[in-house]
Structure formats: C-alpha cells, structure tokens
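Residues per chain, in single letters:
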Amino acid sequence: MSKFDYDLIIIGAGVGGHGAAIHAVKCGLKTAIIEAEDMGGTCVNRGCIPSKALLAASGRVREFNDAHHLQSMGIQVGGVQFDRSAIADHANNLVSKIQGDLTNSLKRLKVDILRGWGKIAGKQKVTVSSDQGDKTYTAKNVMLCPGSVPFVPRGIELDGKTVFTSDNAVKLESLPDWIAIIGSGYIGLEFSDVYTALGCEVTMIEALDNLMPGFDTEIAKMAKRSLIAPRDIETYTGVFATKVTPGAPVTIELTDAKTKEVIDVLEVDACLVATGRIPATKNLGLESLAVEIDKRGFIPVNDKMQVLKDGKPVPHLWAVGDATGKMMLAHAASGQGVIAIENICGRSQEIDYRSIPAAAFTHPEISYVGLTEADAKELGEKESFKVATAKTYYKGNSKALAEGETEGMAKVIYRKDTGELLGVHIIGIHASDLIQEAANAISQRESVTNLAFNVHTHPTLSEVLDEAYKRAVV
Ligand SMILES: Cc1cc2nc3c(=O)[nH]c(=O)nc-3n(C[C@H](O)[C@H](O)[C@H](O)COP(=O)(O)OP(=O)(O)OC[C@H]3O[C@@H](n4cnc5c(N)ncnc54)[C@H](O)[C@@H]3O)c2cc1C
Ligand SMILES: NC(=O)c1ccc[n+]([C@@H]2O[C@H](COP(=O)([O-])OP(=O)(O)OC[C@H]3O[C@@H](n4cnc5c(N)ncnc54)[C@H](O)[C@@H]3O)[C@@H](O)[C@H]2O)c1
C-alpha cells in the first residue's frame, strides 16, 4: 500500500495533462487530474479544434467561390451561400464532441478528475480549491500543465465584442466588414484566412519588419504571395498597434516601431489581437517549493521535463506544455507529457524539439520541422559545417496538377558533409500532412542520401518531398 493518495497528480487538463494522464495509466500509475475550467484546455475549447473547424468551413466557401479554378476542371457552380451562425455551430459542436470524448477517455481509464483550482501545498502535496472547500492530496509525483492565455499588449483594451482575442474569435459571433488583425503569427494568419474567405476586409498589423517572422524567409515570401497579396488584405509591417479602443468604430493608433512616432489612426469595425500567448503560471504554489518562474513567467524545465530550481531538478516535480515556453503546440505538450511519464517510470528519455513539426492550416497550408535556413547556417558556423538547400515546386507534381493546386514548394535544408536533414519547410495543399514524413526522418537524424532511396506512391503530393531529397543527394 502506497503512503501517497496517488502516484501522480496533474494540474491542468489541457492536451499536455491529458497526454500525460493517458500514458501514466498505461504505465500503471494511479493518476488524478485537476481542472479549474474546461476539460481539454485551450486546444479543445479555444484553440486547435474550433479554429480548424472554422478553417474547414471557410476553406470550402473560398473553394466554391473560385469560379476560375472550378471552371478549369469543367465545373460550374452558382453563387455560394453560407450561414455564419451555422458555421459557428459547426465549430461549437465539434468542441463539445471532442471535450466529451477527452473527458470520457480519462474516466474510462479510471483517472480521477478533480474539479477546482490546483496548487502545490509543499513537497508532494497538492490542494484543490472549489466551491466545496479545500482538499489536500499527496502524490509521489506532481506535474504542472497550466497552459497559457492570450497576451494583450499595454494600451489595448478588450471588450470581447469589437476588440477581442482568439478566445472570442473562435466563436465567430460576427463577421465584421473590416477587421484589423494585430500580429501575423499563427493566429493572425489562420484567422485572416477565415475572415477573407467569408468576405471580410482585413488589415494586418505586424510589429516586426516582415510578415510571418517565425517562418523560414523564403516560405514567408511565398506565403505572402499566396495568402496575402491576392486577398483583400492591407498590411503594415514595422508598426506597433499602441492604443486600441473598442466601440463603433474601433480606433487603432499605429506607431512606427523604429521612430516611435504615431503614423496613423485606423477606424475599423473590429480588431483581433493575436500578439502571442503568455504562461498561466500565477498562483500555482511554486513558492512553497522555492521554485521561481523565469522572467517571462515560464516554468524552467530540462529536456526530461523536470522542473528546475537554481538549474537543478526538483525531485518529483514535472511540468509540460505551453507553460514551459518551449513550443506552444498541442502535440508538443502531449509529447512532453509522455517523456515526463517515461522518466517518472525510471526510463530515461529526453524530448527532441528538432523533430516536432508545426503547421498553419491556411489555404494553402504551411508546415515545417527542424531548423530554418538562417538557424541552420548559424549552427553550421558554430559547429563548422556547411549547409545546403534543395527546393521543389508543386507545379512540377502530377497530383498537384491534377488537383489544379500548383502553388507551393518544399525546401529541404541539410548538412553538406554528412547529408543530415536539418529542416524541411513546405507551403502548399496538404503541407500539414506531408511534413510528418520529414519529422520522422529528422527524429532518426536521417541523411538526404538515404531518404532519396525511399519509394513514394505515384501520383501523390509526397513526391514533392521525394523530388527534393533526390535533388539534395550529396
Ligand atoms: C486559436 C488557437 C489555435 C491553435 N491551433 C493549434 C493547432 O492547430 N495545432 C497545435 O498544435 N496547437 C495549436 N494551438 C496551441 C495549443 O492550443 C496549445 O499549445 C495547447 O493547448 C497547450 O496545451 P497545455 O496542456 O499546455 O495547456 P492548455 O491547453 O492551455 O490547458 C491548460 C489547462 O490547465 C487549466 N489550469 C491552469 N491552471 C490550473 C490550476 N492551477 N488548477 C486547475 N486547472 C488549471 C486551464 O484551465 C486549462 O484547461 C492553438 C492555440 C490557439 C489559441
Ligand atoms: N496551427 C497552429 O499550430 C497554431 C495556431 C494558432 C496558434 N498557435 C500557437 O499559439 C501561439 C500564439 O499565436 P499568435 O499568433 O498569437 O502568436 P505568434 O507569436 O505566432 O505571433 C504574434 C505576432 O504578433 C506580433 N506582435 C506582438 N505585439 C504586437 C503589437 N503590439 N503590434 C503589432 N504586432 C505585434 C509579433 O511580432 C508576432 O509576429 C503560438 O505560439 C502558436 O504556437 C498554433
């Protein structure tokens, strides 16, 4: 009989906590998970799931409105009609379904779901506070998965109706004629795709000098050509939104990032603030173990997902997901959860961030895994190796031609000496699925020379990558 109530208590039932719980049960750990709000956290309720439902519906509207594209395949359709609230229902219904599935999967596996606010109450102790009062539990291991919330810069006032973050945008409560989107990261890009497909005019405001600063430069350039230039999108770069006031109209003060001078004041119907996310790490009781969060509020962890104090692991304390600030992605969170459990069970494992892919589900999609060309070159300089790249284009791919979807490219980045694949970047239809093959290759530190021998199905889009490996052979 264990002296603890549980082998593992997880604080936060987002995808990070859920992934960890499922794996913990598989490994025989008696597990409880604490959730203060919505089971499934950001991804299920306010993130991946509703946004992908909106992208799926609005993507079809875009497709059926593209008479030229359809005509090229001999198809004619009348005007496309859609119902905003029915599209919103599609997203809401999917959220309910996935939230139910996730909760049931935990119940089925006999994970105890404790509703309330979880807080560390000392070594191997957690208190859950709810309307029913406080209850303290002991656990051999405690895992923190509190996730993240939208970051709203100073000067921006939200009202949830005319000025809002993705938390409201996923509900699609309105389709403003003219919407400003602050930030050209994942959320800015995906929602500009949704809004323009559904007939809204968009103004995108980005503080850095280039749009989509997180992507490989060449991919960002091509994305600008396919996702921004042909659409009803006006852009500002090198410009901060310094003051945003809700109302009719919403006013947005724009300030030049370099001169710090106000350059314009926009009057628009609505404003989506998509300026990044910050960790939800307040009031977790970390001080009871003298653990300090870093300057930006993230929980310091090593690659085994152990929480660090003064650079050293705190025994029996783990953290995964957005709150660790490594890669704010759902699959990264659940992947970290699995690694943490493996280590809890005494099997030493480290997370490999290089092989975790990412995708923006725009039309066309963008995906990548590993290093950008710039990062690879920087690493090459440090470690004395040369970097090479090879590119292939969708317009030379039979399947893309058959689909009439020829906009896109794949870029592979590799070491010139050993051929080791360092990064892959794709823009084009189904890029989010195509990237997995590259992610698996990077996880094995495969060389382009070996990869070029793999036989790919014909005719498929996967041959875009096949062709790139073949061009890259060293
Ligand atoms: C609009 C949008 C779209 C996205 N799309 C994608 C996508 O397509 N693909 C992708 O990979 N990622 C996507 N993401 C990112 C993804 O949602 C996050 O990376 C993921 O949700 C992180 O999971 P997590 O478990 O770390 O945290 P969260 O999902 O934020 O979950 C944390 C949970 O912990 C709970 N909690 C916090 N503190 C406590 C406490 N003290 N006690 C009890 N409960 C607590 C919270 O209520 C929450 O439910 C998207 C994000 C957004 C905002
Ligand atoms: N498909 C996906 O995987 C997906 C989709 C949506 C969100 N997410 C995750 O959610 C997180 C948050 O997404 P996001 O798009 O909000 O963040 P982001 O970090 O991707 O992009 C934020 C952008 O806003 C800009 N910015 C910040 N302050 C500004 C200001 N005052 N004025 C103008 N521009 C400003 C930044 O320079 C940056 O380019 C991301 O880290 C991402 O991992 C993932």
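Residues numbered from 1 in each chain as written. Chains lettered and ligands numbered in written order. Predicted model: local features only at pLDDT ≥ 70, side-chain atom pairs only at ≥ 80, totals over all residues. Heavy atoms only, no water.

- If you look the protein chain up in an unreviewed UniProt entry, it shows as Dihydrolipoyl dehydrogenase from Hyella patelloides LEGE 07179.
- Under the heading Catalytic activity (unreviewed entry), UniProt records this for the protein chain: "N(6)-[(R)-dihydrolipoyl]-L-lysyl-[protein] + NAD(+) = N(6)-[(R)-lipoyl]-L-lysyl-[protein] + NADH + H(+)". (UniProt positions renumbered as here; feature names shortened; annotations may be inferred.)

1. Focus: the overall build of the protein chain
Link 1 in the chain: Looking only at helices and strands, the protein chain features 14 helices and 23 strands.
Link 2 in the chain: Computed over its C-alpha atoms, the radius of gyration of the protein chain comes to 24 Å, within 12% of the 23 Å expected for a compact globule of 474 residues.
Link 3 in the chain: Overall, the protein chain is about 70 × 60 × 50 Å in size when its C-alpha atoms are taken along their principal axes.
Link 4 in the chain: Counting across all 474 residues of the protein chain, residues that qualify as buried make up 52%.
Link 5 in the chain: When the accessible area of the protein chain is evaluated, it comes to approximately 22,000 Å², of which 50% is carbon and sulfur surface.
Link 6 in the chain: If you average the places of the 50 positive and of the 59 negative side-chain charges in the protein chain, the two averages end up 7 Å apart. (Helix = DSSP H or I, 4+ residues; strand = E, 2+ residues; numbered from the N terminus. Rg over C-alpha atoms; globule rule 2.2 N^0.38 Å. Buried < 20%, exposed > 50% of the residue type's maximum accessible area, 1.4 Å probe, protein only. Areas by Shrake-Rupley, 256 points an atom, 1.4 Å probe, with all protein chains shown as cover. Lys, Arg positive; Asp, Glu negative; His and termini not counted. Charge placed at Lys NZ, Arg CZ, Asp CG, Glu CD.)

2. Structural notes on the site of ligand 2
Link 1 in the chain: Of all residues adjacent to ligand 2, which total 25 residues, the nearest are Ile 187, Glu 206, Gly 276, Met 328 and Ala 359.
Link 2 in the chain: Ala 241 is positioned with one of its backbone polar atoms (N or O) 3.3 Å from a nitrogen atom of ligand 2.
Link 3 in the chain: Within the contact set of ligand 2, an oxygen atom lies 2.7 Å away from a backbone nitrogen or oxygen of Met 328.
Link 4 in the chain: Protein chains bury 80% of the 850 Å² of accessible surface belonging to ligand 2 in isolation. (Near = heavy atom within 4 Å. Polar contact = N/O pair within 3.5 Å; in protein donor to acceptor, adjacent residues only side chain to side chain.)

3. A word on the UniProt feature "active site" (unreviewed entry) in the protein chain
Link 1 in the chain: Sequence positions flagged by UniProt for "active site" (unreviewed entry) are, in local numbering, His 458.
Link 2 in the chain: For His 458, a relative accessible area of 56% puts it in the exposed group.
Link 3 in the chain: Within polar-contact distance, the side chain of His 458 engages the side chain of Glu 463 at 2.8 Å.

4. Concerning unusual backbone geometry
Link 1 in the chain: For the peptide bond that leads from Ala 248 to Pro 249, omega is 5°, which places it in the cis range.
Link 2 in the chain: One can find Pro 249 in the loop between β12 (239–245) and β13 (250–256).
Link 3 in the chain: Following His 363, the chain continues into Pro 364 via a peptide bond in cis, with omega recorded as 0°.
Link 4 in the chain: The phi torsion at Ala 290 lies on the positive side, around 60°, for a residue other than glycine.
Link 5 in the chain: Position of Ala 290 relative to the elements: it lies in the loop between β16 (277–279) and β17 (306–309).

5. Overview of the pairing of β13
Within a regular strand, side chains alternate between the sheet's two faces.
Link 1 in the chain: The pairing of β12 with β13 spans six bridges and is classified as antiparallel. Each residue of the ladder has a partner; that of Lys 243, found in β13, is Glu 253.
Link 2 in the chain: Where β12 hands over to β13, the hairpin turn is made up of four residues, of which Gly 247 adopts a positive phi near 140°.
Link 3 in the chain: In terms of strand pairing, β13 meets strand β14 (residues 262–268) through six bridges, oriented antiparallel. For Thr 251, the partnering residue across the bridge sits in β14 and is Glu 267.
Link 4 in the chain: What sits between β13 and β14 in their antiparallel hairpin is a turn of five residues, with Lys 260 showing a positive phi close to 65°. (Pairing = 2+ DSSP bridges.)

6. Details of the nonpolar core
Link 1 in the chain: With 93 residues, the main nonpolar core has Met 143, Tyr 195, Leu 272, Leu 317 and Ile 366 as its most contacted residues.
Link 2 in the chain: With six residues, helix α8 (residues 217–228) is the largest single contributor of residues to this core.
Link 3 in the chain: Ignoring any residue separated from it by four or fewer positions in sequence, one finds Tyr 195 in contact with Phe 164, Ala 169, Leu 172, Leu 175, Pro 176, Ile 179, Ile 181, Cys 200, Val 202 and Leu 272.
Link 4 in the chain: Judged by nonpolar contacts, the second largest core, of 28 residues, contains Ala 388, Ala 390, Tyr 394 and Leu 421. (Core = buried A, V, L, I, M, F, W, Y, C linked by side-chain atoms within 4.5 Å. Contact = heavy atoms within 4.5 Å.)

7. A word on the side chain of His 69
Link 1 in the chain: Residue placement: His 69 occurs in helix α4 (residues 67–72).
Link 2 in the chain: The contact partners of His 69, leaving out residues within four places of it in the chain, are Glu 403, Gly 404 and Glu 405.

8. Quick notes on the domain arrangement of the protein chain
Reports of interface size often rely on the accessible area that becomes lost once the parts have come together.
Link 1 in the chain: Structurally, the protein chain comprises domain 1 (6–48 + 89–149 + 278–351), domain 2 (163–275) and domain 3 (355–472).
Link 2 in the chain: Listed as interface residues are 14 residues of domain 2 and, on the opposing side, 20 residues of domain 3.
Link 3 in the chain: There are three salt bridges connecting domain 2 and domain 3.
Link 4 in the chain: Residue Asp 216 pairs with Lys 411 through a salt bridge whose shortest N-O separation is 2.8 Å.
Link 5 in the chain: Counting residues per element, the ones that place at least two in the side of domain 2 that touches domain 3 are α7 (186–197) and α8.
Link 6 in the chain: Tallying contributions element by element places α8 first for the side of domain 2 that touches domain 3, with seven residues.
Link 7 in the chain: For the side of domain 2 that touches domain 3, the class distribution of residues is seven nonpolar, one polar and six charged. (Domains from an automatic or database assignment. Salt bridge = Lys/Arg side-chain N within 4 Å of Asp/Glu carboxyl O. Nonpolar A, V, L, I, M, F, W, Y, C, P; charged D, E, K, R; others polar.)

9. With respect to the pattern of salt bridges
Link 1 in the chain: What the rule picks out here adds up to 18 salt bridges.
Link 2 in the chain: For the salt bridge of Asp 101 with Lys 97, the shortest nitrogen-to-oxygen distance reads 2.7 Å. You can see Asp 101 and its partner Lys 97 sitting in helix α5 (residues 84–108), four residues apart, about one turn around the helix.
Link 3 in the chain: Here the salt bridges do not stand alone but share partners, grouping Asp 216, Glu 218, Glu 373, Lys 377, Lys 391 and Lys 411 into one network.

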